[in-house]
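Notes for the structure review
Residue strings, one per chain:
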Amino acid sequence: MLSEWLPFGFLGRPHGVTGEIAFEPFNRAAGRVLPTPLDVRLIRGDNVRAASVVACRPVHAGLLLRFAGIDTRDGVAALGGHALSVPRKILSPLVNGEFYIEDVVGCDAVKADGTLIGHVTGTFWNGAQDVLTIVGEDGAERLVPAVASCIHSFDPHARRLVVEYHE
């Protein structure tokens, strides 16, 4: 089952003295401003807390957000470093062949002929693209770039990812 919440970016430093905070979305190219008000989740480690974004405006390096109930620099400073997750339903529909990287975690990774490679246990950003961590039945860890030349297809309902990589 696909998660109702998707990671969207990270909160940075306070901006000004009235409770705004810098926000860097994972996909800056989208150039999107979050709709407000918007209930979100703030995550740091195992700590998850609910919050509500009440204002959002674009700036050169991302967005500035304001949260309900926080109207001081000191108050918003405590949120720096939190990841922000948004409800999946607010995001634009995906076109055929697209998927959210978060959705592949927990999937079986197979070769084109159906041979099991392993299970996707996580993903990370290496500065150029997302990378899948796939752990095989033998316990070996494989790192596979999440790019079109390596990922041939993804079936979210079967929880199956067809992958081709070079060892």
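Above this note sits the structure.
Since the structure is predicted, the reported quantities are computational estimates derived from the model, not experimental observations. (Residues numbered from 1 in each chain as written. Predicted model: local features only at pLDDT ≥ 70, side-chain atom pairs only at ≥ 80, totals over all residues. Heavy atoms only, no water.)

Time to look at the overall build of the protein chain. Summing up its helical and strand segments, the protein chain has 1 helix and 12 strands in all. Counted from the first residue to the last, the protein chain has its helices and strands arranged as β-β-β-β-β-α-β-β-β-β-β-β-β. When the 167 residues of the protein chain are sorted by exposure, 35% land in the buried category. Total accessible area on the protein chain is roughly 9700 Å²; 53% of this is exposed by carbon and sulfur atoms. Treating the 15 positive side-chain charges of the protein chain as one cloud and the 19 negative ones as another, the clouds have centres 9 Å apart. (Helix = DSSP H or I, 4+ residues; strand = E, 2+ residues; numbered from the N terminus. Buried < 20%, exposed > 50% of the residue type's maximum accessible area, 1.4 Å probe, protein only. Areas by Shrake-Rupley, 256 points an atom, 1.4 Å probe, with all protein chains shown as cover. Lys, Arg positive; Asp, Glu negative; His and termini not counted. Charge placed at Lys NZ, Arg CZ, Asp CG, Glu CD.)

Turning our attention to the sheet that holds strand S3 (residues 38–44). Read around the closed barrel, 6 strands run S1-S2-S5-S4-S3-S6, paired in antiparallel fashion. With direction set aside, neighbouring strand axes in the sheet form an average angle of 45 degrees. For strand S4 (residues 47–59) and strand S5 (residues 62–67), the ladder comprises 6 bridges, and the chain directions are antiparallel. The partner of Cys 56 across the bridge, within S5, is Leu 65. (Pairing = 2+ DSSP bridges. Axes fitted to C-alpha atoms, helices over the stretch in contact; angles between N-to-C directions.)

So, on to the sheet that holds strand S7 (residues 108–110). Working definition: the strands of a sheet are paired by backbone hydrogen bonds and lie parallel or antiparallel to each other. A sheet is described by the order of its strands in space; here 6 strands give the open sequence S10-S9-S8-S7-S12-S11, paired in mixed fashion. Whereas interior strands pair on both sides, the edge strands pair on one side only; in this sheet they are strand S10 (141–145) and strand S11 (151–155). If you compare each strand with its neighbour and ignore which way they point, the axes differ by 35 degrees on average. Both S7 and strand S8 (residues 116–125) contribute to a ladder of 3 bridges, which runs antiparallel. In the sheet register, Asp 108 faces S8, and the bridge partner there is His 119.

Attention now moves to the environment of Thr 115. Tracing the sequence through the fold places Thr 115 in the loop between S7 and S8. On the accessibility criterion, Thr 115 (38% relative accessible area) is partly exposed. Sequence separation between Thr 115 and Leu 143 is 28 residues, and the spatial gap between their C-alpha atoms is 17 Å. Look past the residues within four positions of Thr 115 in its chain and what remains in contact with it is Ala 109 and Val 110. For Thr 115, the side chain forms a polar contact with the side chain of Asp 113, separated by 2.7 Å. (Contact = heavy atoms within 4.5 Å. Polar contact = N/O pair within 3.5 Å; in protein donor to acceptor, adjacent residues only side chain to side chain.)

What follows deals with the pairing of strand S2 (residues 20–25). Here strand S1 (residues 5–15) runs beside S2; their pairing, made up of 5 bridges, is antiparallel. For His 15, the partnering residue across the bridge sits in S2 and is Glu 20. With antiparallel pairing between neighbouring strands as the criterion, S1 and S2 make up a hairpin whose turn holds 4 residues, including Gly 16 at a positive phi of roughly 75 degrees. Direction of pairing for S2 relative to S5: antiparallel, over a ladder of 4 bridges. Bridge pairing in S5 places Ala 22 opposite Leu 64.

With that settled, consider the side chain of Arg 159. Its location among the elements puts Arg 159 in the loop between S11 and strand S12 (160–163). Among buried Asp, Glu, Lys and Arg side chains, Arg 159 stands out as unpaired, with Asp 103 the closest opposite charge at 6.0 Å. (Salt bridge = Lys/Arg side-chain N within 4 Å of Asp/Glu carboxyl O.)

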